[in-house]
Amino acid sequence: MKKIFKKAALLIAAITLIISAAAIPSSAASTVISFNPQKPTVGQNVTITVTVNAGFKMYGADFSVSYNQSVLEYKSADCAANGGGGVVKAAPTHSGETKGTYKFTFTAKTAGSSPINVSGGAY
């Protein structure tokens, strides 16, 4: 009985290791964020472009873009996305491209600064 339990535990550990190793390549090789304009005035639209170079064929993506909601207001994106309140969740689809570029439009609400962060990338 102990031998069966040990073999089952080793099998489960091996399967877990294989699955977690297979998930490692799913993170983006590189992500670039650019802004246009770099210093907008109040009321002006700001386009934030996120370019992901995965290094392998993508068939979908899932990531979040966070921003300072007291300075910027989310308006739209050129991919499947929804958001507000400081976070936009994007889920664009792909057909085997290794690189994806996504544009998010915001409006400058007040003077100030807003860090833009991309997180949770799965491709």
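The model shown is predicted, which means the values in this text are computed figures rather than measured ones.

Asker: I'm lost on the overall build of the protein chain in this one. Help?
Answerer: Of the regular secondary structure elements, the protein chain holds one helix and eight strands. Taken from N to C terminus, the helices and strands of the protein chain fall in the order α-β-β-β-β-β-β-β-β. Relative to its full complement of 123 residues, the protein chain shows a buried share of 27%. Taking contacts inside the protein chain between residues at least 6 apart in sequence as the whole, the part at least 24 apart equals 71%. Of the roughly 7800 Å² of accessible surface on the protein chain, a fraction of 60% belongs to carbon and sulfur atoms.

Asker: It is not clear to me how the confidence of the model for the protein chain should be interpreted in this structure. Could you clarify?
Answerer: Caution applies to low-pLDDT parts of the model: their predicted coordinates are not meant to be read in detail. When pLDDT is averaged along the protein chain, the result is 78; 76% of the residues meet or exceed 70. With pLDDT under 50 throughout, residues 5–28 is counted as low confidence; its partners more than four residues away or in other chains account for eleven contacts.

Asker: Would you mind showing me how to read the packing of aromatic side chains here?
Answerer: Two measures describe an aromatic ring pair: the distance that separates the ring centres and the angle between the ring planes. Evaluated as defined, the whole model comprises four aromatic pairs. Each ring, one from phenylalanine 63 and one from phenylalanine 104, has its centre 6.3 Å from the other, and the planes form 80 degrees; the classification is edge-to-face. Placement of phenylalanine 63 in strand E3 (residues 62–66) and of phenylalanine 104 in strand E7 (residues 99–108) is noted, with a sequence separation of 41 residues between them. Each member of the pair, phenylalanine 63 together with phenylalanine 104, is buried. Joined through ring pairs, the aromatic side chains of Phe63, Tyr102 and Phe104 make up one cluster.

Asker: I keep staring at the sheet that holds E3 and nothing clicks. Help me out?
Answerer: Hydrogen bonding along the main chain pairs the strands of a sheet, whether they run parallel or antiparallel. Read across the open sheet, the four strands follow the order E5-E6-E3-E8; overall the sheet is antiparallel. Looking at the sheet topology across the chains shown, the edges are occupied by strand E5 (81–84) and strand E8 (117–122). On average, adjacent strands in this sheet sit at an angle of 15 degrees to one another, irrespective of strand direction. Bridging between E5 and strand E6 (residues 87–90) involves four bridges; their strand directions are antiparallel. Bridge pairing in E6 links alanine 81 to alanine 90.

Asker: Can you walk me through the environment of glutamine 44 in this structure?
Answerer: With respect to the element layout, glutamine 44 can be found in the loop between strand E1 (30–36) and strand E2 (45–53). Overall, glutamine 44 belongs to the partly exposed group, its relative accessible area being 31%. Separated by 65 residues in sequence, glutamine 44 and lysine 109 have C-alpha atoms that sit 8.3 Å apart. For glutamine 44, the contacting residues outside a window of four places in its chain are Pro37, Phe106, Thr107 and Ala108. For glutamine 44, the side chain forms a polar contact with the main-chain nitrogen of threonine 41, separated by 2.9 Å.

Here is what the cut-offs are and how they apply
- Residue positions are given per chain, counting from 1 as you read along its sequence in written order.
- Predicted model: local features are reported for residues with pLDDT of at least 70 only, side-chain atom pairs are reported and counted for 80 or more only, and whole-chain, interface and lining totals are derived from all residues.
- Hydrogens are left out, water is left out, and the side-chain values use all remaining heavy atoms of the structure.
- Where helices and strands are cited, they refer to DSSP runs of H or I of at least four residues and of E of at least two residues respectively, numbered from the N terminus.
- For every residue, the accessible area (1.4 Å probe, protein chains only) is compared with the maximum for its type, and the residue is labelled buried under 20%, exposed over 50%, or partly exposed between those bounds.
- Any two residues whose heavy atoms approach within 4.5 Å at even a single point are treated as in contact.
- Residue-level accessible areas treat just the shown protein chains as cover; the underlying method is Shrake-Rupley with a 1.4 Å probe.
- Within a predicted model, pLDDT stands for the predictor's per-residue confidence, ranging from 0 to 100.
- For Phe, Tyr and Trp, where Trp contributes only its six-membered ring, two rings pair if their centres lie within 6.5 Å, and the inter-plane angle classes them as stacked under 30 degrees, edge-to-face over 60, or tilted in between.
- Here, any two strands with at least 2 DSSP bridges between them count as paired.
- The axes are straight lines fitted to the C-alpha atoms, using for helices just the contacting stretch, and the angles between their N-to-C directions are given from 0 to 180°.
- In the analysis that follows, any N or O atom pair within 3.5 Å is treated as a polar contact, provided that within protein one partner can donate a hydrogen and the other can accept it, and provided that, for residues neighboring in sequence, both atoms belong to side chains.

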